[in-house]
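# Chains, contacts and geometry: an overview
Here is how the chains run, residue by residue.
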Amino acid sequence: MKIILLLILLANVIFGDDISITASVDKDIVEINDEILLQVTVSGNTSSLPSLVLPEISDFNIYSRGQSQSQNFSFVNGRISSSVSIIYNYTLTPKGIGKFVIPSFSVEYKGKIYKTNPINIEVVKSSTQQRQTKPSRITKYTSNEDVFITVTLNKDKVYVNEPVIMSFRLYTRIGFLRQPQYKPPEITGFWIEDLPPQRNFKEIINGKEYMVTEIKTALFPLSPGEYTIGKAYVNCVIDDFSFDDFRDDFFKGIFSRGKNITLESKPVNINVLPLPLPKPSDFSGAVGVFDIKAEVDKKELKTNEPVTLTITISGSGNIKSITEPVISLSENEFKKYETVSSLNINKDNYKVTGSKVFKTVLVPKKAGKLIIPSVKYSFFDYIEKKYKVSSSSPIELLVKQGPKEETLISVGTLSPEGVKILGKDIRYIKQKNKFTFEKPLLYKNFIFVVINLSLPIGLLITWQVISYNKRRKKDERSLRASKAYSKAIKKLKNIYKLINTNKLDESYATLENVLTEYIADKLGKGQHGLTKEEIRQSLLNKVEESLINDINSLIEQIHFIRFAPSNDTQTNLEKLIKSIQETISKLEKVL
Amino acid sequence: MKKILVFLILFNTFGFSQNQSFIEKFIEANKLYEQQKYSEAINVYKELLSTKSMEVYYNIGNAYFKDKKIGYAILYYEKALKISPRDPDINYNLDYVRSFVKETAVQDTVGKFLNQMYNFVTLNELVLFTSIILLVLTGLLFFYLFKKVELVYWLSIGFGILFFVLLIWTCSRIYQNEDVIYAIVVESLAEAKSAPQDDYTTSFTIPEGKKVQILQTRDGWYEIFLKSENLKGWVKKEVLEII
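Turning our eyes to something else, we now look at the overall build of chain A. Helix and strand content of chain A: nine helices and 29 strands. Counting every position in chain A, which comprises 591 residues, the buried fraction comes to 25%. For chain A, the proportion of contacts with a sequence separation of at least 24, taken over those separated by at least 6, is 72%.

Another aspect to go through is the pairing of strand 13 (residues 164–172) of chain A. All names here are of chain A. Of all nine residues in strand 13, seven are buried, a share of seventy percent or more. Taken together, the seven bridges between strand 11 (residues 147–153) and strand 13 define a ladder with antiparallel strand orientation. The partner of Ile149 across the bridge, within strand 13, is Leu170.

Taken together, the contact pairs 29 residues of chain A with 46 residues of chain B. At the level of elements, helix 1 (2–15) and helix 5 (446–500) of chain A are the ones that each hand at least two residues to the side of chain A that touches chain B. The element best represented in the side of chain A that touches chain B is helix 5 of chain A, accounting for 10 residues. Its residues assigned to classes, the side of chain A that touches chain B comprises 18 nonpolar, five polar and six charged.

A word on helix 5 of chain A. Since there are 3.6 residues in each turn of an α-helix, residues three or four apart along the chain are aligned in direction. Residues and elements named next belong to chain A. Spanning 55 residues, helix 5 covers 78 Å between terminal C-alpha atoms, matching the ideal 81 Å at 1.5 Å per step. If you look at helix 5, its biggest bend is around 40°, right at Ala484. Within helix 5, only five of the 55 residues are buried, leaving the element largely exposed. Buried within helix 5 are the following residues: Phe448, Asn452, Ala484, Ala488 and Ile495. Looking one or two residues past helix 5, Asn502 carries a phi angle of roughly 65°, positive in sign.

Our focus in this paragraph is the packing of helix 2 (residues 20–34) of chain B against helix 4 (residues 54–66) of chain B. Residue and element names in this part refer to chain B. Relative orientation of the contacting elements helix 2 and helix 4 amounts to 20°, with a least axis distance of 11 Å. Between helix 2 and helix 4, the interaxial angle falls into the category roughly parallel. Relative to helix 4, helix 2 is oriented so that their crossing is left-handed. Each of Phe26, Ala29, Asn30 and Tyr33 in helix 2 lies in contact with helix 4, whose residues at this interface are Val56, Asn59 and Ala63. The residue inventory of the contact of helix 2 with helix 4, partitioned by class, reads five nonpolar, two polar and no charged.

Residue and element names in this part refer to chain A. An order of 24-25-23-21-27-28 is seen for the six strands of this open sheet, with the pairing classed as mixed. Each having just a single partner strand, strand 24 (334–346) and strand 28 (386–391) make up the two edges of the open sheet. Direction aside, neighbouring strands of the sheet carry axes that sit 25° apart on average. Judged from the three bridges that link them, strand 21 (residues 283–296) and strand 27 (residues 376–381) form a sheet pairing that is parallel. Across the sheet, Val287 pairs through a bridge with Phe380, a residue of strand 27.

Calculation criteria
- Residues numbered from 1 in each chain as written.
- Chains lettered and ligands numbered in written order.
- Predicted model: local features only at pLDDT ≥ 70, side-chain atom pairs only at ≥ 80, totals over all residues.
- Helix = DSSP H or I, 4+ residues; strand = E, 2+ residues; numbered from the N terminus.
- Buried ≥ 20, exposed ≤ 12 C-beta atoms within 10 Å, placed from the backbone.
- Contact = placed C-beta atoms within 7 Å.
- Pairing = 2+ DSSP bridges.
- Nonpolar A, V, L, I, M, F, W, Y, C, P; charged D, E, K, R; others polar.
- Expected span 1.5 Å × (residues − 1).
- Bend = angle between axes of the 7 residues up to and from the residue.
- Axes fitted to C-alpha atoms, helices over the stretch in contact; angles between N-to-C directions.
- Parallel < 35°, antiparallel > 145°, perpendicular 65-115°, else oblique.
- Left-handed = near helix turned anticlockwise from the far one by under 90°.

This is how it looks when you write it as structure tokens:
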């Protein structure tokens, strides 16, 4: 967890300005005649990387093998950040056997010094070289007439950063048995730039014709002072006899096994002068002859549309040390993005010339005529020994008001007007004096639970009550129906008694009721007012048609007997009762 | 019905009983936070913890995050979230702070969404809602007892299903609230052992800020369960803080 936080903090630092510098070697144990590749990588998210400061390396000969530049774009939280890294390649050759230290390389950026770690190198004896070169056979041919070397500088007094051309020449009149091995002189305090290709030509010295091999190197002194260019060495194997002896001793040549010799040059002194004072305040530090040019890819555009400003500084001098010129743009008029630089070095005619191109994406914020002011670049001209300023011509842009939303899409990743998340953070604390407190749990509240339980319980009770009432009504009816027959028979028996005791009037009334009451009980209907038609209706689907007709005729007969009495009423009544009894028992079977 | 209303009103007004010193303390702590004196702000906020307020929990969470204590920050955000599960600020900050917790298990979006839905309402809100649905359902059934109307019949079935689902949800939430204890790892290096003893082997390590379920307690040790990784282990009590 802490590591992550640390990473975040680190990341924040990187989003600011950060320079990192590392150095690495291909091996740390090396043989005396072998060479070490040293890579120094300077990277950072600024387009103008500071130049590397070389330390004093006394134990090794150091040669620049050029540099390569790479650029990375990354999008972090919607923000573009570019990082540039320059890899400086050097070849180191050891001067002696033992343990040595390659000191720190450093860069200075915004007042801070970034350093590499020193690297320990162990130099061991070479097993192979000892076999090749037998020490007893080495002869120094320093000023041999047939083969010699020279190291010369084209000037002996220079300003800091002024190029000096060092020429190494190998003069020979004889052939070599093997390709000679060249060890360049020790050079410290200079920026070294090889000037290929090597040149071969013939030169006549003192009447003798020599084959000359010339290797040129450009040196840029890094700081003022007296310097000595050390001795250069050439190791070569020549025929072990001189050219003149050839005729005298022919056979010597045939059996000659070659002679290993080491040639040595004289050291050369050079005086490096500091740049004259006073220096202009805007001095860029570049020494040479430079010219600045500014261009845009389009002059008519719309607001929020990107335009690329290309500034080219070209000339001769130490091109690599050219720093980004200051472009003074109004914050209200332009949005400026990171500058991307590219290097173009030309070494034609043994002169370091070239150009450095700075590309900056600008996005105009306002409509109208906007002016990119003249960009000035101040440098020291070592030929005229004066500080000079080269300035580009100002550029006028015609900016039209463009739609905001559309350009967001067309600009794409640059989207200057959209929501840009620059740094994600938590939301701010709550400061309103209005609080949401934790509330007691509802389900633990007794009243609440009781209310909730009472609802379904109440429902259940009501339902039970209603259904109980319904059931009870139904029960009453079935009881009545089951008792109907015995009740009717009982009544009929009573009527017999009434007839026997001659209470005929009463018996009529009861007789009429017996049948209707029976039917009403059976069907669960009210006992009174059951008419003939109603009986017919309610029985219609339950009993046969004939039985209904019988019932109806019986009722009519009762009515007839009651309202038209005759002498033989008693016997008629008894007949009637009998048929009623039969009908009821018939009904009892069906209903 | 009236009783319920009165009861609810009582319930809500509970939150507005604040006293003056509480507010003063709160403002004091906020000022300390603004001055970036985070640990001091935490101390003042903590004096307000007796009345459990979402705002206090949230601000403590913020202060702990600024003080680079991810575990405690998550702990207090979780506490705040329990009171206000839909507060956008808490959710945003919790999500952001959680992004610093190294998760080994792949977060499945469906599971996360379901979990969010499950905890979308507070337990009280859920209980109340279920209770209202019960009320409506009972009303409908009462009506149906006396008048058999087809519309009421279908409505009752609909509300019945709704009530059933809500009841399961509510019961599950109540169970979670009562029996499932969650805790947050607050130490930067938490090791889970295979048994509640120091000399047992370490089964796994848990990142600070991770939410774990506590299964049981035994003298100074918690048995924890990591659902997404399906791991069980014993950790020391001081490593965890219960939400």
